[in-house]
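Geometric and topological summary
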Amino acid sequence: MINERLNRREDEVMNAVFTLSGGKERFLVSPYELSAVLPARGHFDEIALEKTLNSLALDGYFDFVETDRKGEKTYVVHMREAGMSYRRRDHQLKRGLVFRIFFAAFGAVITFLVGLLLKAIFH
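Note that this is a predicted model, so its numbers are computed, not measured. (Residues numbered from 1 in each chain as written. Predicted model: local features only at pLDDT ≥ 70, side-chain atom pairs only at ≥ 80, totals over all residues. Heavy atoms only, no water.)

1. Quick notes on the side chain of Thr74
The criterion, for reference: Helix numbers and strand numbers start at the N terminus; a helix is a DSSP run of H or I with at least 4 residues, a strand a run of E with at least 2. We call a residue buried when its accessible area falls under 20% of the maximum for its residue type, exposed when it is over 50%, and partly exposed in between, using a 1.4 Å probe and counting protein chains only. Whenever two N or O atoms come within 3.5 Å, that pair is a polar contact, provided that in protein one can donate a hydrogen and the other can accept it, and provided that, for residues adjacent in sequence, both atoms are side-chain atoms.
Along the chain, the position of Thr74 falls in strand E3 (residues 72-79). The exposure class of Thr74 is buried, given its relative accessible area of 0%. Among the polar contacts listed, one links the side chain of Thr74 to the backbone oxygen of Glu72, at a separation of 3.2 Å.

2. Examining the pairing of strand E2 (residues 62-69)
What counts, and what does not: In this description, strands pair whenever DSSP reports at least two bridges between them.
Examined bridge by bridge, E2 and E3 share eight bridges and lie antiparallel to one another. Bridge assignment links Asp63 to a residue of E3, and that residue is His78.

3. Comments concerning the sheet that holds E3
Sheets are built from strands that pair by backbone hydrogen bonding, the pairs being arranged parallel or antiparallel. Rules: Angles shown run from 0 to 180 degrees and are taken between the N-to-C directions of axes, each axis being a line fitted to C-alpha atoms and, for helices, limited to the stretch in contact. Throughout, a residue-residue contact means that at least one pair of heavy atoms, one from each residue, lies within 4.5 Å.
The three strands are arranged E1-E3-E2 in an open sheet whose pairing can be described as antiparallel. Edge positions in the sheet fall to strand E1 (26-29) and E2, since each of these pairs with one other strand and no more. Pairs of neighbouring strands in the sheet enclose a mean axial angle of 25°, with direction left out of account. Sheet analysis places E1 next to E3, joined by four bridges and oriented antiparallel. Residue Phe27 lies in a different strand from E3, and its bridge partner there is Val77. Its contacts with the sheet place helix H1 (residues 8-21) against E1, E2 and E3, and it is angled at close to 85° to E3.

Right, here's the structure in full:
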């Protein structure tokens, strides 16, 4: 089952993986390359990064295998459908949130105007 909302760390890692994929379905990436793309305030060490990658893999965003490339730890990442559509889904969630906020504000204004009208009629 795909999470509709990722926590902050998962979102940062998924964003980094999606950025490094460059639109490709399969690619190689090292933990160093991932860490370079991640925000500095996240303080991802290698263990936390791998734990988050495992969580995202379990959620169905991508599959990854750890391998060794010229003595350097490397991940072979295979993006799944949820991973390939990550940005689109994120954009849709944000657009839905903006719509709900706008609709709530519009409803509040209409309620206020109807209240003023009723107050004017019955006083």
